[in-house]
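The primary structure of each chain is shown beneath.
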Amino acid sequence: MKIYPINTNSVNPYNKTYRNVNAPKAKSSNVDKIEISNVAKALHVVSDYSTERTEKVQRLKKEIHLGQYQVDARKVAENMLNFYLH
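Residues numbered from 1 in each chain as written. Predicted model: local features only at pLDDT ≥ 70, side-chain atom pairs only at ≥ 80, totals over all residues. Heavy atoms only, no water.

*Asks:* Tell me what's going on with the overall build of the protein chain, and back it up with residues and numbers.
*Replies:* Looking only at helices and strands, the protein chain features 2 helices and 0 strands. Accessible surface for the protein chain amounts to roughly 9800 Å². Of this, 56% is attributable to carbon and sulfur atoms. (Helix = DSSP H or I, 4+ residues; strand = E, 2+ residues; numbered from the N terminus. Areas by Shrake-Rupley, 256 points an atom, 1.4 Å probe, with all protein chains shown as cover.)

*Asks:* Lay out the pattern of salt bridges with the relevant residues and their values.
*Replies:* Under the defined criterion, the tally for this structure stands at 2 salt bridges. Put simply, E35 and K33 hold a salt bridge, and the shortest N to O gap is 3.5 Å. We note that E35, like K33, is exposed. One salt bridge in this structure joins E63 and R59, with 3.3 Å as the shortest N-O distance. Separated by 4 residues within a single helix, E63 and R59 lie in helix α1 (residues 38–66), roughly one turn from each other. Residue R59 is classed as partly exposed on the basis of its relative accessible area, which comes to 42%. (Salt bridge = Lys/Arg side-chain N within 4 Å of Asp/Glu carboxyl O. Buried < 20%, exposed > 50% of the residue type's maximum accessible area, 1.4 Å probe, protein only.)

*Asks:* Explain a nonpolar patch on the surface residue by residue, including any values.
*Replies:* A cluster of nonpolar side chains, namely I64, Y69, V71, V76, M80, F83 and Y84, defines an oily patch on the protein surface of about 790 Å² accessible area. The greatest single-element share of the nonpolar patch, amounting to 4 residues, is contributed by helix α2 (residues 73–85). Mapped onto the elements of the fold, I64 is located in helix α1. The exposure class of I64 is exposed, given its relative accessible area of 53%. (Patch = residues over 30% accessible without salt bridge, like charges linked within 9 Å, V, L, I, M, F, W, Y side chains within 5 Å.)

Here it is, written out as C-alpha cells:
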C-alpha cells in the first residue's frame, strides 16, 4: 500500500522566514513600572485608621483588666434601637 500526500506542495513555510542577525535592534524599555490606584491609596488611609483602632483596643483591654471600664447602658440601648429601626 502506498500513501500519497494530499495538497502538499513540498513547501516548508519555515524556510522563508529569515532572521537578519546584523540588523540593529530597537531599544525596548525593559523598565518595570508601578502604578498605585486610587483604591490602593484609600486602603493605605485605612491602615492608618487600623493603627488608631489597635491603640484604642489596647487601651480598652487595659481598662477592662484593671476594672476601670464603665458601660453606659442607656447609650448602648439607644444605639441598638437606632441600628434596628433605621
